[in-house]
Amino acid sequence: MDTSPSDDPDVQDWSGFLCGEHVTLQHPAGTQLHGVLDMRTDDASVVWIQLRDGAGRRLVHRADGYRLRRG
């Protein structure tokens, strides 16, 4: 499995996000996930978000198309 950063310019670099930050993941299809960044892999290719309102925990891969932002 290749976990190196993608050469695809549409894939966002998530390495600047830290555990405990409040974040929003926005998908081009309109889906938004709001919560706290719970964990991140060392290569920042995968994040786990503890969703707001007790909605559980979600794993998202960088290549899934989501854009990650603070807030």
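Located above this text is the structure these notes cover.
A. The sheet that holds strand β3 (residues 46–51), seen in detail. Within the open sheet, the 5 strands sit side by side as β4-β3-β2-β1-β5. Their pairing is antiparallel. Of all the strands in the sheet, the pair left with one neighbour each is β4 (57–61) and β5 (67–70). The mean inter-strand angle of the sheet, taken between neighbouring strand axes irrespective of direction, is 45°. Across 5 bridges, strand β1 (residues 22–26) lies against strand β2 (residues 32–40) in antiparallel orientation. In the sheet register, Leu25 faces β2, and the bridge partner there is Leu33.

B. Representation of the nonpolar core. Formed by 13 residues in total, the largest nonpolar core has its most connected members in Trp14, Leu25, Ile49 and Val60. Of all the elements in the fold, those that place two or more residues in this core are β1, β2 and β3. Here the element with the most residues in this core is β3; it accounts for 3 residues.

C. Inspection of the pairing of β2 at higher detail. Adjacent in sequence and paired antiparallel, β1 and β2 are bridged by 5 residues, among which Gly30 carries a positive phi angle near 110°. As paired strands, β2 and β3 are joined by 5 bridges and run antiparallel to one another. If you follow Gly35 over to β3, its bridge partner there is Leu51. Counting the residues that bridge the hairpin from β2 to β3 gives 5 residues, and of these Ala44 lies at a positive phi of roughly 60°.

D. Structural view of the environment of Ser15. Along the chain, the position of Ser15 falls in the segment before β1. Ser15 sits in the partly exposed class, given a relative accessible area of 39%. It is 5.0 Å that separates the C-alpha atoms of Ser15 and Ala44, two residues lying 29 residues apart in sequence. Excluding its chain neighbours within four sequence positions, the residues that come into contact with Ser15 are Arg40 and Ala44.

What counts, and at which threshold
- Residues numbered from 1 in each chain as written.
- Predicted model: local features only at pLDDT ≥ 70, side-chain atom pairs only at ≥ 80, totals over all residues.
- Heavy atoms only, no water.
- Pairing = 2+ DSSP bridges.
- Helix = DSSP H or I, 4+ residues; strand = E, 2+ residues; numbered from the N terminus.
- Axes fitted to C-alpha atoms, helices over the stretch in contact; angles between N-to-C directions.
- Core = buried A, V, L, I, M, F, W, Y, C linked by side-chain atoms within 4.5 Å.
- Buried < 20%, exposed > 50% of the residue type's maximum accessible area, 1.4 Å probe, protein only.
- Contact = heavy atoms within 4.5 Å.

Remember, this is a structural readout, not a statement about activity or role.
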